[in-house]
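Observations on the model geometry
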Protein chains: 2
Amino acid sequence: MAERTLSEDLGVGGASLRHFKLVRDPRGTLAVADFGADVPFVPARYFVVFDVPGERGRGGHAHVSCHQVLACVRGSVRIELDDGARRAEVLLDGPGTGLHVPPMVWCAQHFLVPDAVLLVFASEPYDPEDYVRDRARFLALRAASGA
Amino acid sequence: MAERTLSEDLGVGGASLRHFKLVRDPRGTLAVADFGADVPFVPARYFVVFDVPGERGRGGHAHVSCHQVLACVRGSVRIELDDGARRAEVLLDGPGTGLHVPPMVWCAQHFLVPDAVLLVFASEPYDPEDYVRDRARFLALRAASGA
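Residues numbered from 1 in each chain as written. Chains lettered and ligands numbered in written order. Predicted model: local features only at pLDDT ≥ 70, side-chain atom pairs only at ≥ 80, totals over all residues. Heavy atoms only, no water.

1. A short note on the sheet that holds strand β2 (residues 16–19) of chain B
Read across the sheet, eight strands follow the order β3(A)-β4(A)-β5(B)-β12(B)-β7(B)-β10(B)-β2(B)-β1(B) without closing on themselves; strand pairing throughout is antiparallel. The open sheet has two free edges, formed respectively by β3 (21–25) of chain A together with β1 (6–9) of chain B, since each of these has just one partner strand. Strand after strand, the sheet turns through a mean of 20° between neighbouring axes, direction not considered. (Pairing = 2+ DSSP bridges. Helix = DSSP H or I, 4+ residues; strand = E, 2+ residues; numbered from the N terminus. Axes fitted to C-alpha atoms, helices over the stretch in contact; angles between N-to-C directions.)

2. Focus: the packing of aromatic side chains
Overall, the coordinates contain 16 aromatic pairs over all chains when judged by the stated rule. Ring geometry for B:Phe35 versus B:Phe121: centroids 5.0 Å apart, planes at 75°, classification edge-to-face. Taken together, the residues B:Phe35 in the loop between β4 (28–34) and β5 (45–50) and B:Phe121 in strand β12 (residues 117–122) connect sequence positions 86 residues apart. The exposure class of B:Phe35 is buried, given its relative accessible area of 9%. Residue classification places B:Phe121 among the buried residues on the basis of a relative accessible area of 0%. Their ring planes at 45° and their centres at 6.3 Å tell us that B:Tyr46 and B:Phe121 sit as a pair that is tilted. Here B:Phe121 lies in strand β12 and B:Tyr46 lies in strand β5, a separation of 75 residues in the sequence. Assigned by exposure class, B:Tyr46 and B:Phe121 land together as buried. Among the aromatic side chains, those forming a connected cluster through ring pairs are A:Phe20, A:Phe35, A:Tyr46, A:Phe121, B:Phe20, B:Phe35, B:Tyr46 and B:Phe121. (Phe/Tyr/Trp six-rings, centres within 6.5 Å; stacked < 30°, edge-to-face > 60°. Buried < 20%, exposed > 50% of the residue type's maximum accessible area, 1.4 Å probe, protein only.)

Okay, here's the thing in C-alpha cells:
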C-alpha cells in the first residue's frame, strides 16, 4: 500500500510511536496496521491486558530479544520507558497509536482508568528466560552491550 | 506450550470459537493467544473497529480467500454467520474468546454498546477484490464450489 505509518522516534533505545491509518465512515472507525510494516515485525503472539485495578502499575521489566508493540484500544495508559541512560513517558489513549518497544528497553505501564484495555504484540513466543525483571541486571546487560 | 486453546466448531463453513488462555493475578487479567495455533494463522494485518454508532451493523460480506479472527476486547458484539446453507449467531463479550471466520463464510456484526471495541486479525494483506459484498454472488460462488 502506498500509505505508510508515520513513525516518531522517542530517543530511547530505538523505541518509537507508530501512527496507524484511521478509516472513518458513518458506520464507525477503523485503526488499521500491517504486520511487518506499521507493526515492524510479524508477531508470534498477542495478549490483551484488562481489568487492571486502579493505580496499579504493570510491567517494569525489559526483554532480552523480544520486540513488542503496545496499543491502548480503550481508555488510557501511561508508559514509562528507559534504556538505562535516557527516558521517555508517553500517553497511549486510542487504537490509532502503537508504541514499539525494542529489546533491552525497560518499560512500565500505568493504567489510568479501570476500563483501559491494552493490546500487546510480541515478536517471539513466550519465554520466561527472556524477561529481565531485575533493574541491576538490566543496567549490567546494557553496559555489557556497550549501548 | 502444553496448554492449548479449546476450539468449538459452529457447524457453519468451518467457523469456530476459540477460547484463549486467561491469566489472572492481582495486577489484572491477560488474555493470551499464539498466532498459528490459538489464532489458526499468522496474520498479515489487524484492525480495531470502534466508535460504532448505536444499532448500526457492520460487515455483511464474505472473503474469497482471507481468514479472519474476531475478538471483542471491550463491550459486546453480536455476530451472525452463514455459509449459504447453515447459520449461527454468537455473542462476543470479552478478550478471552476469538471467532475464526474462514473464507466464504458470510459475516455481519452488530455492536451492542457504543463503547464496544472489536479486534480483527486477517490472514492476507488488504485486497478489495477479496470482498464479496453481493449476496447473490456469494451464493453463486458457494454453489460453484460444491460446498
